[in-house]
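The chain contents come next:
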Amino acid sequence: MSSTNSPEAVKKLLENMQSDLRALSLECKKKFPPVKEAAESGIIKVKTIAARNTEILAALKENSSEVVQPFLMGCGTKEPKITQLCLAAIQRLMSHEVVSETAAGNIINMLWQLMENSLEELKLLQTVLVLLTTNTVVHDEALSKAIVLCFRLHFTKDNITNNTAAATVRQVVTVVFERMVAEDEQHRDIIEQPALVQANSNRRSVSTLKPCAKDAYMLFQHQEFSFLLKERVCPLVIKLFSPNIKFRQGSNTSSSPAPVEKPYFPICMRLLRVVSVLIKQFYSLLVTECEIFLSLLVKFLDADKPQWLRAVAVESIHRLCVQPQLLRSFCQSYDMKQHSTKVFRDIVNALGSFIQSLFLVPPTGNPATANQAGNNNAGGTVSAPANPGMLGIGGGVTLLPAFEYRGTWIPILTITVQGSAKATYLEMLDKVEPPTIPEGYAMSVAFHCLLDLVRGITSMIEGELGETETECQPTSEAASSTTQSSEQQELQSTADEMDKEIVNKAVWEEMVNACWCGLLAALSLLLDASTDEAATENILKAELTMAALCGRLGLVTSRDAFITAICKGSLPPHYALTVLNTTTAATLSNKSYSIQGQSVMMISPSSESHQQVVAVGQPLAVQPQGTVMLTSKNIQCMRTLLNLAHCHGAVLGTSWQLVLATLQHLVWILGLKPSSGGALKPGRAVEGPSTVLTTAVMTDLPVISNILSRLFESSQYLDDVSLHHLINALCSLSLEAMDMAYGNNKEPSLFAVAKLLETGLVNMHRIEILWRPLTGHLLEKVCQHPNSRMREWGAEALTSLIKAGLTFNHDPPLSQNQRLQLLLLNPLKEMSSINHPDIRLKQLECVLQILQSQGDSLGPGWPLVLGVMGAIRNDQGESLIRTAFQCLQLVVTDFLPTMPCSCLQIVVDVAGSFGLHNQELNISLTSIGLLWNISDYFFQRGEIIEKELNKEEAAQQKQAEEKGVVLNRPFHPAPPFDCLWLCLYAKLGELCVDPRPAVRKSAGQTLFSTIGAHGTLLQHSTWHTVIWKVLFHLLDRVRESSTTADKEKIESGGGNILIHHSRDTAEKQWAETWVLTLAGVARIFNTRRYLLQPLGDFSRAWDVLLDHIQSAALSKNNEVSLAALKSFQEILQIVSPVRDSDKPETPPAVNVPVSVLLGSISGPGLSRPFVRTDSIGERLGRYSSSEPPIVTDELEDLNLWWAAWNTWYRIGSESTKPPITFDKLTFIPSQPFLTALIQIFPALYQHIKTGFSMDDLQKLGVILHSAVSVPISSDASPFILPSYTEAVLTSLQEAVLTALDVLQKAICIGSENMQIMYPAIFDQLLAFVEFSCKPPQYGQLETKHIANAKYNQIQLFAPAEWVALNYVPFAERSLEVVVDLYQKTACHKAVVNEKVLQNIIKTLRFPLSLKYSCPSESTWKLAVSSLLKVLSIGLPVARQHASSGKFDSMWPELANTFEDFLFTKSIPPDNLSIQEFQRNECIDVEVVQLISTEILPYANFIPKEFVGQIMTMLNKGSIHSQSSSFTEAEIDIRLREEFSKMCFETLLQFSFSNKVTTPQEGYISRMALSVLLKRSQDVLHRYIEDERLSGKCPLPRQQVTEIIFVLKAVSTLIDSLKKTQPENVDENTWAQVIALYPTLVECITCSSSEVCSALKEALVPFKDFMQPPASKVQNGES
């Protein structure tokens, strides 16, 4: 201001004015005199004012009308020059603000006229501008006139004018508002009360407004002016729309009678600008009008409108799209009202249709084709034919960002910065003709509209959502924490908040519901068409933000639709992904759907989009057809998808399934494979054409893989519900993958399983909420899948989760949260129900790892873990069993002390079950070792375990009582610790009957060792269970299995393992088990008898045990039967317990003098000592082994011993009874068995001798007899029999004699009534003596004599020949015993009464009669000597009892015996040496001597018949004892001359003895002599006759021998007669002797020299008869 107010400026102004007026007067002087006059008077006026007033400017302003008048008149001349001069002057006045209101009005009127005449248009505009900007005097009508003037000028044909006018209008309007603002500033201190005006009053009072404000009638903060807009402006605007709406491009049908007005660009453009402003600024006033504006505006986008019109309309819409609050108002005002147009929806849909129509350029003419082309999804009719040139541009080569769809190529232009709507064509105010729109402009604007729309809406709604959330949280927290009084208000405010939120939520939902379809349609299309990475990124971002927003608002359908779109973009075109075609969202994406009559088409992705292919891979399908290609855009979409899932996982809900399904397919195509922990790593192991990846993707893969992992890691931030959605989605995805993998062994998709694992791992802190669905799916579905890779991953995932869960640092820790621990371990147990071995292997490896890392802290989880090991079944393969067993070994070696004692029983069960597995023998054996270790552990920690178990038992008992049920556990009445032992024993017992011999053996040894070592820990009462439920039960089963075992030969086991012949049938293998078991039980009975006997039913147990021993002893198996006897010996305590390990294996037995009691009977496979050294053994063995054990009183229980005797008798009688028929399979008991059997008797007898009756002796005899009779097989004979030449007894025979010896000793010292048993013993022994010549028969069995048994040449496998033993030594030994015994007992009453002597003689008669025919020469010699000994003792006894007649029958027997022996029918063997023969002759002589000394002298006490027999025999001996088979040389020796001599002498001595008492006896002897002489005579006569007849031939050897013998006998007789007392010789006898002489003389002629020499000897004695005949003879006769 100061510049115009300064004196210099004023002075200058005055000068200028005057010069202007002068110039005017000069110009008008000629043509316009009135003007000239006015100018001149003006000069005077100016000067006057300047002179009179100090405030020159104010005075000028007052008089301005007059000052301005000359210039106005100058303008009226319409002369250009004058007009210009005048306008310049007026402007100068205005610039100095010296124009009053009236003058201003005049100026405007004058300008109007100029404008009407189209003069100085630019100058006019300039003037108006100056007038309005320099001061505020123009108001009301004048102002409006000025503005209209500018508008009029705007519509001139001149471009410059046009543009200037436009600019002026803009400036003027701005000025008006600025003036008003200034005015308000000045009057701020004065507060006025504006009168309230009714909203519906039509005419509004303007009286309350100040001048400038009145001018600002377009600013409607001032209510009073709104009516102007409503009443005046809007109708005008609406009217202006009509030409544009009605116009249809290219329509030739004139439906309306009036010609159609063509749209006019400047008007349309300004119209839309006005509309934009109205809507933007005055929306709240013009709700209804705006509805119309917007509806009309939308129609400008129709495809039949001119391109420029559509472009301008899109720009207008863009302006709306950047104002989310405005859009929100639309939505609230229209879309949410019932009967209103859905404006917001229409705007979005219109944009969508618009974009679509740009791609489907219809041919001119029929506007409907656009829709048809759109509907035709297959792309069969694409309306714009593809131009090859354009395709070239649109291909991958182009650098220009563009959309390209079905041959339509639309470049993307960069228009504005995001979020601002800078219009191009709305600003072309200087243009009158419609401009040409560059290609792609409208598309680019529309594209930006969509993006801005999405960005605006989402940011606005999310901002408000955020506020609500933050408001809600503090209020709710505050409400809970504040005091009672303030709570009311808080609650109130919360309620208001809630209402507001409900309203807001409704608006948000409506906005999204209104726009999502259109947005999705447009964005999907653009996404498909986009060839520019940035554009694609923007589209994807828009879809992502919309999806997230829908998710947050819980609008499932729309959320899923957006997600589906992104998913489809990620996959190759036409990719068959079921999940995208089945969900509700997808149903919309394939067909065109209509929204309020507007057709919006969904276009499926076109396969022709030209994109760079970055990867080729296999589709994930059941039957993959070829390969699919991934473009960079697919990868971009994939990243968006990852981003969506990563950032907005919480709102995805059910659409996780879409997202994950898509990711799964992409991961598959890209060839990412899961690695440990579930992360995906590039890797390819797929059959078929391999994946091809470009380097670009190769570098991207690790990133993608990483994002994928991070995506699932971020699941830890999801809330529980979202997490469940994620898990469910993964599960159903996994199910699909499984369906696909059925029925083929292709590589399955493991994406879902891997990601389930990953999700589980990162959510460990709340694992409980997802554990069941997670593991349930893995267990029931994945792990049981037939595809091995699928299963393997299922198991991998499951075990990894379990391990992670156990190692995770839970709060509270697992040790305090047992429920969680069991929950975590449960799936591990459940895996046991799956039969696939690979799964079980994983399960077991997991167990092993858990044990190694977590073993100490498993606590209540132990039963589950042990259950897993125990669940391994026999048929599940070696490696499984081996792994499970490894776990068990680890448990037993390291973890027994850390587990609850209640689990120990499970450990025992599991260890036992491994013993029963038959896959791997070593495992079974080792598991038995483990059971032994476990038992040791029980033993060491006994007290602790017992306490803990008792405590637990009490607790369980209490629970059971509360529930009213009975506590049920195995072996119940026993205390818990004993039950534990019993379970262990029972397990071992089961193993003792395993089908495999090695296992049985090991288990048996372990069982008995454990019972032996640790049995003392048991309660006394528990022993009852051990005996009956464990030991006897086991014996029963073993007995049953052994008796039914197969006798087939087992071929060599497993290739190179040779089986010993003693184990080559199942039966033989079971035999070993039976042996072991029986021995074990017997040992326990022996060593623990002091414990067992007090139990009530010991005698019953004893009987059962004896029964077992009996059945074993009678089994048809040598090994078993022998062992049974050993056990028998053991329980009878015949084997005294060994104390020190260096003691002999078989200590001496009780009272048995035979040293070889058991040493000789160790059968095959029985090398183990039968007696264990343990504490009880020592208790029982506190005596040195040489003394008998001190048998306690309890053991004296006679019943037990008699039971044992009965068993012994049954075993003996059954085993030795010969079978009825024989074949090569007939079982014959072995020698060791029989030996052992008999050896038992002496010891047994010690206990029962008091009651041992004759009956029992009879029974014993039968058994002894039968036992000795049993033959042996020829292949065993070399080992048992001595060689034939040695006279040794077998151990069996020794035992038999020992038994009898024990008996006779007992009888000897026993009571009188026992001594009646002597004869029975004699009988028994004599029976054995008979064996020497007559071996016993064994049934019908043919035995060979040992000498002929070809045991040296036995052919392999030939049936055994049975060989009778060499009984000679045995018989001879028996005979010796008989003699000894008889010597002791000869006078015994029983012996006398029972005719024992007679029996002895009778028995000896047989070998004596056989003599040389005896099997052994020693036999008859021994028999003779024995006879002599017996007779020397027995004959006096017999004479003593002569009168009683008890020996009557003995004499004839004796006579016969002598007869048979001395005149035996057997011939001496040819090889008998002369010395032998002489020795034998001496024996004969001894017998005769016995007769002469012991019998004949006592003839009067002896029956006469007997004496007669003896005489006859002696007589016979004296002559006929010849033997016929000698060579000439030996003959003189072989004739038993000594014997004959002895007979003669005895005969003669007896015949002529002085002691002859009765004539009878003398007569007998005389008779004998005469017989003898007569026979001699006969022999000689015959000889002479034969000699004469034979002539030169020699006589038979026999006859010669006989004659020689007779001759010798004659000489002997004569010698004997000479020695005898003369009175004892009968004269008759002498006469007979002499009568022989002539016959002898006749023999002289014989030719045999032998006969001659004998004859010589016979003739010589006759010299004594050569004496003269005397009267004596007569005397003799007389």
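Peer 1: Would you mind going over the overall build of the protein with me for this structure?
Peer 2: Secondary structure summary: the protein contains 67 helices and 11 strands in total. Buried residues in the protein amount to 53% of all 1678 residues. Summed over all atoms, the accessible surface of the protein reaches about 74400 Å², with 54% contributed by carbon and sulfur.

Peer 1: Looking at this model, I keep getting lost on helix α42 (residues 1022-1044). Mind explaining?
Peer 2: A turn of α-helix holds 3.6 residues, and therefore any two residues three or four places apart point the same way. Look at α42: 32 Å from first C-alpha to last across 23 residues, which is about the 33 Å you get at 1.5 Å a residue. Along α42, the largest kink reaches about 30° and is centred on Phe-1032.

Peer 1: Even after reading the chapter, I still don't get unusual backbone geometry, so can you show me in this structure?
Peer 2: For residues that are not glycine, phi is negative in most cases, and the peptide bond is trans in most cases. The residue after Asp-811, namely Pro-812, is reached through a cis peptide bond having omega -5°. Relative to the helices and strands, Pro-812 is located in the loop between α32 (788-807) and α33 (818-830). We note that Lys-1395 has phi near 55°; this positive angle belongs to a residue other than glycine. Positionally, Lys-1395 belongs in the loop between α55 (1389-1393) and α56 (1396-1410). If you check the backbone angles, Lys-1411 has positive phi at about 45° while not being a glycine. What makes Lys-1411 buried here is its relative accessible area of 3%.

Peer 1: Mind showing me how you'd approach the pairing of strand β1 (residues 402-405) here?
Peer 2: Strand residues, when the strand is regular, have side chains that alternate between the two faces of the sheet. Here β1 shows a buried face lined by Ala-402 and Glu-404 and a second buried face lined by Phe-403 and Tyr-405. Pairing analysis gives 4 bridges linking β1 to strand β2 (residues 408-411), with the strands arranged antiparallel. The partner of Phe-403 across the bridge, within β2, is Ile-410.

Peer 1: Would you mind going over the packing of helix α22 (residues 533-553) against helix α26 (residues 632-652) with me for this structure?
Peer 2: Between two packed helices, the angle of one axis relative to the other and the distance separating the axes together describe the packing. One way to put it is that α22 packs onto α26 with a least axis distance of 10 Å and a crossing angle of 25°. With respect to their mutual orientation, α22 and α26 come out roughly parallel. As for how α22 packs across α26, the hand of that crossing is right-handed. On α26, the residues touching Glu-533, Thr-536, Glu-537, Leu-540, Leu-544, Ala-547, Ala-548, Gly-551 and Arg-552 of α22 are Lys-633, Gln-636, Cys-637, Thr-640, Asn-643, Leu-644, His-648 and Val-651.

Peer 1: Help me understand the pattern of salt bridges, please; the structure alone is not making it clear to me.
Peer 2: In total, this model carries 32 salt bridges according to the counting rule given. Note that Lys-755 and Glu-758 form a salt bridge whose closest N and O atoms lie 2.5 Å from each other. Highlighted residues: Lys-755 and Glu-758, both in helix α30 (residues 751-762), separated by 3 residues, approximately one helical turn. Its relative accessible area of 7% is what places Glu-758 among the buried residues. Residue Lys-1421 pairs with Glu-1476 through a salt bridge whose shortest N-O separation is 3.5 Å. Of this pair, Lys-1421 sits in helix α57 (residues 1417-1440) while Glu-1476 sits in helix α59 (residues 1474-1495), placing them 55 residues apart in sequence. For Lys-1421, a relative accessible area of 28% puts it in the partly exposed group. One salt-bridge network, held together by shared partners, links Glu-1417, Lys-1421, Glu-1476 and Arg-1479.

Peer 1: How should I be thinking about the side chain of Ser-655 in this particular structure?
Peer 2: As for its placement among the helices and strands, Ser-655 is situated in the loop between α26 and α27 (656-670). Side-chain polar atoms of Ser-655 contact the backbone oxygen of Leu-652, separated by 2.5 Å. Excluding residues within four positions of it along the chain, Ser-655 makes contact with Arg-559, Asp-560 and Ile-563.

Peer 1: Explain the packing of aromatic side chains to me, please; I cannot follow it from the model alone.
Peer 2: The geometry of an aromatic ring pair is captured by the separation of the ring centres together with the interplanar angle, meaning the angle of the planes. Counted by the stated rule, this structure contains 29 aromatic pairs. Here the aromatic rings of Phe-938 and Trp-981 are separated by 5.5 Å at their centres, their planes lie at 85°, and the arrangement is edge-to-face. Here the residue Phe-938 occupies a position in helix α38 (residues 921-940), and Trp-981 occupies one in helix α40 (residues 976-991), the gap between them amounting to 43 residues. No difference in accessibility class separates Phe-938 from Trp-981, as the two residues are buried. Seen in terms of ring centroids, Phe-1241 and Phe-1252 are 5.8 Å apart; in terms of plane orientation they differ by 55°. Their pairing is tilted. Of this pair, Phe-1241 sits in helix α49 (residues 1231-1248) while Phe-1252 is found in the loop between α49 and α50 (1254-1269), placing the two residues 11 residues apart along the sequence. Both residues of the pair, Phe-1241 and Phe-1252, belong to the buried class. Three or more aromatic residues joined by ring pairs make a cluster, and in this case those are Trp-1205, Trp-1208, Tyr-1209, Phe-1241, Tyr-1245 and Phe-1252.

Peer 1: It is not clear to me how the environment of Thr-1010 should be interpreted in this structure. Could you clarify?
Peer 2: Among the structural elements, Thr-1010 can be located in helix α41 (residues 997-1014). Taking the relative accessible area as the measure of exposure, Thr-1010 reaches 1% and is therefore buried. Along the chain, Thr-1010 and Leu-931 lie 79 residues apart, while their C-alpha atoms are 9.4 Å from each other. Setting aside its immediate chain neighbours within four residues, Thr-1010 contacts Trp-932, Ser-935, Trp-981, Leu-984, Tyr-985, Leu-988 and Gly-1015. Among the polar contacts made by the side chain of Thr-1010, one reaches the main-chain carbonyl oxygen of Leu-1007 at a distance of 3.2 Å.

Peer 1: What should I look at first to understand the packing of helix α46 (residues 1118-1131) against α49 in this one?
Peer 2: Their axes nearest at 9 Å, the elements α46 and α49 cross at an angle of 20°. Classified by the interaxial angle, the pair formed by α46 and α49 is roughly parallel. Of the two elements, α46 crosses α49, and the hand of that crossing is left-handed. From α46, Ser-1121, Leu-1122, Leu-1125, Phe-1128 and Gln-1129 reach across to α49, where they touch Pro-1232, Phe-1233, Ala-1236, Leu-1237, Gln-1239 and Ile-1240.

Peer 1: Would you explain the environment of Val-314 in this entry?
Peer 2: One can find Val-314 in helix α15 (residues 307-321). By relative accessible area, which is 0% here, Val-314 ends up buried. Among residues more than four places away in sequence, those in contact with Val-314 are Leu-301, Phe-354, Ala-442, Val-445, Ala-446 and Cys-449.

Peer 1: Explain the state of the cysteines to me, please; I cannot follow it from the model alone.
Peer 2: Here a disulfide denotes a covalent bond joining the sulfur atom of one cysteine to the sulfur atom of another. Following the criterion strictly, the structure yields 0 disulfides and no others. Of the cysteine sulfurs around Cys-75, a residue in no disulfide, the closest is that of Cys-86, at 4.4 Å. For Cys-1414, which is in no disulfide, the shortest distance to another cysteine sulfur is to Cys-1333 and amounts to 3.7 Å. Among the residues examined, Cys-1414 registers a relative accessible area of 8% and is labelled buried.

Peer 1: Teacher, can you tell me more about the confidence of the model for the protein here?
Peer 2: Regions with low pLDDT should not have their predicted coordinates read in detail. Across the protein, pLDDT averages 75, with 77% of residues at or above 70. When the elements of the protein are averaged for pLDDT, strand β3 (residues 593-595) gives the smallest value, 35, and α38 the largest, 90. Predicted confidence for residues 248-261 stays below pLDDT 50, and this span has 7 contacts to residues more than four positions away or in other chains. Residue range residues 362-398 is modelled with pLDDT below 50. Its contacts to residues more than four positions away, or to other chains, number 43 contacts.

Peer 1: How should helix α45 (residues 1098-1113) be read in this particular structure?
Peer 2: For α45, with 16 residues, the first-to-last C-alpha span of 22 Å sits near the 22 Å given by 1.5 Å per residue. Regarding α45, the residues found buried are Phe-1098, Ala-1101, Trp-1102, Leu-1105, Leu-1106, His-1108, Ile-1109, Gln-1110, Ala-1112 and Ala-1113. Buried residues belonging to α45 abut α42, α43 (1066-1087), α44 (1089-1092), α46, α48 (1198-1216) and α49.

Criteria and cut-off values
Note that residues are indexed from 1 along each chain, following the sequence as it is written. Given that the model is predicted, a residue must reach a pLDDT of at least 70 before its local features are reported, and side-chain atom pairs must reach 80 or more before they are shown or counted; all residues, however, enter totals for whole chains, interfaces and linings. Side-chain measures were taken over the full set of non-hydrogen atoms in the model, leaving aside hydrogen atoms and water. Numbered from the N terminus, helices here are DSSP runs of H or I no shorter than four residues, and strands are runs of E no shorter than two. Remark: exposure states derive from per-residue accessible area (1.4 Å probe, protein chains only) relative to the maximum for the residue type, with buried under 20%, exposed over 50%, and partly exposed in between. Exposure was quantified through the Shrake-Rupley algorithm and a 1.4 Å probe, taking into account, for residues, occlusion by the shown protein chains and nothing else. Under the convention used throughout, the expected extent of a helix is 1.5 Å for every residue step, that is, one less than its residue count. The angle separating two fitted axes, one through the seven residues that finish at a residue and one through the seven that start at it, defines the bend at that residue. Strands are labelled as partners when DSSP assigns at least two bridges between them. To get an axis, fit a line to the C-alpha atoms, keeping to the stretch in contact for a helix; angles then go from 0 to 180 degrees between the N-to-C directions. Oblique is the label for any angle not covered by the other classes, which are roughly parallel (under 35 degrees), roughly antiparallel (over 145) and roughly perpendicular (65 to 115). By convention, the crossing between two helices is left-handed when the near helix turns anticlockwise from the far helix through less than a right angle, and right-handed when the turn is clockwise. Any two residues whose heavy atoms approach within 4.5 Å at even a single point are treated as in contact. Should a side-chain nitrogen of Lys or Arg be within 4 Å of a carboxyl oxygen of Asp or Glu, the pair is scored as a salt bridge. The definition of a polar contact used here is a pair of N or O atoms within 3.5 Å, where within protein one atom must be able to donate a hydrogen and the other to accept one, and adjacent residues in sequence count solely through side-chain atom pairs. Each Phe, Tyr or Trp ring, with Trp reduced to its six-membered ring, pairs with another whose centre is within 6.5 Å; inter-plane angles below 30 degrees give stacked pairs, above 60 give edge-to-face pairs, and intermediate values give tilted ones. Here, two cysteine sulfur atoms that lie within 2.5 Å of each other are counted as a disulfide. Every residue carries a pLDDT, the predictor's confidence in it, which falls somewhere between 0 and 100.

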